[in-house]
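Spelled out from the first residue to the last, the chains are:
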Amino acid sequence: MLLTPVAAAAADGDASALIPSGSGPVPFKDTDDGTVQADAEHTPRDEDLSSDLVAALPRRQDPIAELLLYQGCWLPKHWVPGVIEFQRRFNPRPDDVILASYPKCGTTWLMALAFAAAARRAYPPAAAAGEHPLRRLHPHDVVPFVEEVFARGEEARLDMLPSPRLMSTHLPFTLLPEPVAGGGCRVVYICRDPKDMVVSLWHFLRRSCKPPTKPEDLSFAEMFDAVCDGTAALGPVWDHVLSYWRAAVARPDRVLFLRYEDLLGDPGEGVRRLAGFMGRPFSAAEEAVGAVATVVELCSLGNMKALEVNKNKASSAASGNLAIPRDAFFRKGVAGDWANHMTPEMAARMDGIFREKLLGTGFSFA
């Protein structure tokens, strides 16, 4: 069996020794050689959820999870201790890249594109089947959610990753650790028309819920209302988007702001912008042989859905009341699907709310 550089090194007892410095990010799952233990001292425990800090937070119950209002953002209750650990303990490296998004705004696609572009020298996108990490691993196993790593007390695995590291988060910019928000690493954010986002999120959660929650318990109207009134998980959505928009305006060298619809319209140009921002621009020679197109093709929805690793055989992740099937991350990947689920009145209501919330900021979804 062909071993990746990290896996081969792990077999010799050093999970990072064979990675050339600056060769690009490596898959997070490949650092799991069975020797890294969770940090028991800093792994959040059940009692952390009853601490004075957590107990004092405003809360509400949605169909999937209890939400707590932490620093202006509605977080699932079980996330809060891990987010606090992330804020307190994460130390970025200057060449780290953190991919950020509100859920169902192109997260998985961005993970795949960013990894394929940044690691293309170590892992050529046109390599034979099975030889590229994205052909044997789900994108969420390649790029970790950093707050989940801290929630499990596994930050030692982050330390094992050679530079540059590639990570992701669903947190708003205002909840990122101060060293990150202060420009200590690069951040890439992707946003999406909220009408399409809420449709995609509804489908995703219906596929992902586990007993006692049933798919039919998840009302589209209820989810729509939660987004509109600002109480959806990780919301208010407009605050989430604006936190990164303002950061990108203030520090364009540190924060790249992308629109999902633009990426759909011209994925090649999006990959070029992404690679350049990450410090991995495509050379003229690479352009001449179609290197950008190979990245786009590898990460295309059709290709990713067809891969055996991304089919509904096992859960890719589990969190709270969710048991997430692998194929739930790959649905339509289109713009405008909201028209199949919303009345004109609903669409007008959501558009009006976001127009009002974004007024005067320099940003709009129009």
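Residues numbered from 1 in each chain as written. Predicted model: local features only at pLDDT ≥ 70, side-chain atom pairs only at ≥ 80, totals over all residues. Heavy atoms only, no water.

The name an unreviewed UniProt entry assigns to the chain is Sulfotransferase, from the organism Urochloa decumbens. Regarding the chain, the UniProt comment filed under Sequence similarities (unreviewed entry) reads as follows: "Belongs to the sulfotransferase 1 family." (UniProt positions renumbered as here; feature names shortened; annotations may be inferred.)

Enquirer: Where do I start with the pattern of salt bridges in this structure?
Expert: Pairs may arise between side chains of opposite charge once their charged atoms sit close together. Applying the stated criterion to the full structure yields 16 salt bridges. For R165, the salt bridge is made with D96, and the minimal N-O distance between the two is 2.7 Å. With R165 in the loop between α8 (155-160) and β5 (166-169) and D96 in the loop between α3 (80-89) and β4 (97-101), this pair connects stretches of sequence that are 69 residues apart. The buried category is assigned to D96, whose relative accessible area is 0%. Notably, a salt bridge pairs R120 with E286, separated by 2.7 Å at the nearest N-O pair. (Salt bridge = Lys/Arg side-chain N within 4 Å of Asp/Glu carboxyl O. Helix = DSSP H or I, 4+ residues; strand = E, 2+ residues; numbered from the N terminus. Buried < 20%, exposed > 50% of the residue type's maximum accessible area, 1.4 Å probe, protein only.)

Enquirer: Explanation requested: the packing of aromatic side chains in the structure shown.
Expert: To describe a pair of aromatic rings, you give the distance between the ring centres and the angle between the ring planes. Tallying each qualifying case throughout the model produces 16 aromatic pairs. Aromatic side chains F173 and Y244 sit 5.5 Å apart centroid to centroid with 75° between the ring planes, which places their arrangement in the edge-to-face category. Residue F173 is located in the loop between β5 and α9 (178-184), and its partner Y244 is located in helix α12 (residues 237-250); the two are separated by 71 residues in the primary sequence. Of the two residues examined, F173 and Y244, each falls in the buried class. Between Y189 and F257, the aromatic rings sit 5.5 Å apart at their centres with planes inclined by 40°, giving tilted as the arrangement. Taken together, the residues span a long stretch of sequence, with Y189 in strand β6 (residues 186-191) and F257 in strand β7 (residues 255-259) at a distance of 68 residues. Looking at Y189, the relative accessible area reads 0%, which means it is buried. Linked through ring pairs, F173, Y189, W238, Y244, W245, F257, F354, F363 and F365 together constitute an aromatic cluster. Stacked on the ring of F282, the Lys or Arg R120 has its end atom at 3.9 Å from the ring centre. Across the ring face of F28, the terminal group of R157 is positioned such that the distance to the ring centre comes to 4.0 Å. (Phe/Tyr/Trp six-rings, centres within 6.5 Å; stacked < 30°, edge-to-face > 60°. Lys NZ or Arg CZ within 6 Å of the ring centre and 35° of its normal.)

Enquirer: Looking at this structure, how should I read the pairing of β4?
Expert: Two faces, one strand: in a regular strand the side chains alternate between the faces of the sheet. Burial runs high along β4: five of the five residues are buried. Of the two faces of β4, the one carrying V97, L99 and S101 and the one carrying I98 and A100 are both buried. Relative to β5, β4 runs parallel, the two sharing four bridges. Each residue of the ladder has a partner; that of V97, found in β5, is L166. Where β4 lies against β6, five bridges are found, and the strand directions are parallel. Within β6, the residue paired with V97 across the bridge is R186. (Pairing = 2+ DSSP bridges.)

Enquirer: Where do I start with the sheet that holds β4 in this structure?
Expert: Two strands in a sheet stick together by hydrogen bonds in their backbones, pointing the same way (parallel) or opposite ways (antiparallel). The four strands are arranged β5-β4-β6-β7 in an open sheet whose pairing can be described as parallel. Looking at the sheet topology across the chains shown, the edges are occupied by β5 and β7. Along the sheet, successive strands turn relative to each other by an average axial angle of 20°, direction set aside. Across the face of the sheet, helix α4 (residues 107-118) comes into contact with β4, β5, β6 and β7 while running at roughly 160° to β4. Helix-sheet contacts for helix α14 (residues 267-277) involve β6 and β7, and the interaxial angle to β7 is about 170°. (Axes fitted to C-alpha atoms, helices over the stretch in contact; angles between N-to-C directions. Contact = heavy atoms within 4.5 Å.)

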